[in-house]
Amino acid sequence: MSEARFAGIGMTSARTRERLIQRLIEQGIKNSEVLERIRSVPRHIFIDEALASRAYEDTALPIGFGQTISQPFMVAYMTEVLLEAGPLYNVLEIGTGCGYQSAVLSGLVSNIHTIERIESLFIAAKRRLKEMGVQNISFRHGDGYEGWRAKGPYNGIIVTAAPVEVPPTLLSQLAMGGRLIMPVGVDGAQQLILYTRNEQGLQDKILGPAAFVPLQAGVL
Ligand code: SAH
């Protein structure tokens, strides 16, 4: 992939991207490393060219198969919350999708393991991130409800699709001191929840409303 494609022109230019960063700051994102990462990851290469002119709008966009690339604010916010207690060494992501959240995280944590249930999305995301030169992500085509026990436990787990109830298997793969962030609930009534594990056990905190695609069992 050419340098020019990464850099972007017109509606995907540096100025357009900067407007998104200003918006994220206005919406309350404070972590400068997260903002810098969002500034440098070219979101337009994660979506269809027909939609590229909308890549730096703060909105979710379709990526095929009824799935979406998450809203930049949500990506920034979930990343900021995950990193709030310090650096993360081993992170599990459920719902690779186009790979945008993984790409943002890859510059901020040591290792990421990401799982996608739809094979076509898994293949495309893996190829895209390899082309970008990202080396600290391992990809799996599988059902995220099962997590990825062999690579755990994880200091951070991020789920980018919403189950109706929290999958206990994922909680069981969270390390002591670890943080898990995920949307939970049915369409129209999801809440973003942060789980933390300490000596007293698991604590949960509701962070606010969310609107993600559903977490679905099985692979396609
Ligand atoms: N992280 C993406 C968001 C993709 S949308 C981004 O950066 O924009 C959520 C993704 O979760 C979809 O691709 C969907 O196929 C996937 N998904 C849903 N249920 C899943 C499951 N049980 N295991 C793995 N992936 C799942």
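Check the entry above for the structure.
About the cut-offs
- Residues numbered from 1 in each chain as written.
- Predicted model: local features only at pLDDT ≥ 70, side-chain atom pairs only at ≥ 80, totals over all residues.
- Heavy atoms only, no water.
- Pairing = 2+ DSSP bridges.
- Helix = DSSP H or I, 4+ residues; strand = E, 2+ residues; numbered from the N terminus.
- Axes fitted to C-alpha atoms, helices over the stretch in contact; angles between N-to-C directions.
- Contact = heavy atoms within 4.5 Å.
- Buried < 20%, exposed > 50% of the residue type's maximum accessible area, 1.4 Å probe, protein only.
- Arc of directions from axis to C-beta.
- Polar contact = N/O pair within 3.5 Å; in protein donor to acceptor, adjacent residues only side chain to side chain.

### Some details on the sheet that holds strand S9 (residues 201–210)
With respect to topology, seven strands assemble into an open sheet ordered S5-S4-S3-S6-S7-S8-S9, the strand pairing being mixed. Only two strands of the sheet have a single neighbouring strand rather than two, namely strand S5 (137–141) and S9. Across the sheet, the axes of successive neighbouring strands diverge by a mean angle of 15°, strand direction being ignored. Strand direction decides the pairing type here: strand S7 (residues 174–184) and strand S8 (residues 190–198), joined by six bridges, are antiparallel. For Pro183, the partnering residue across the bridge sits in S8 and is Leu192. Those strands touched by helix H4 (residues 72–83) are strand S6 (154–159), S7, S8 and S9, and its axis lies near 160° from that of S7. Against the sheet, helix H6 (residues 119–131) engages strand S4 (111–116) and S5, with an angle of about 165° to S5.

### What to know about helix H3 (residues 32–40)
Three or four residues apart is the spacing at which side chains of an α-helix point the same way, because the helix has 3.6 residues per turn. Along H3, the positions that sit buried rather than exposed are Val34, Leu35, Arg37 and Ile38. For H3, the arc enclosing every buried residue in end-on projection is 160°, short of the 170-degree limit, so these residues lie on one face. Among the exposed residues of H3, those pointing more than 90 degrees away from its buried face are Ser32 and Glu33. If you follow the buried residues of H3, they end up packed against helix H2 (14–26), H4 and helix H5 (100–106). Its side-chain oxygen at 2.9 Å from the backbone nitrogen of Glu33, Asn31 defines the N-terminal cap of H3.

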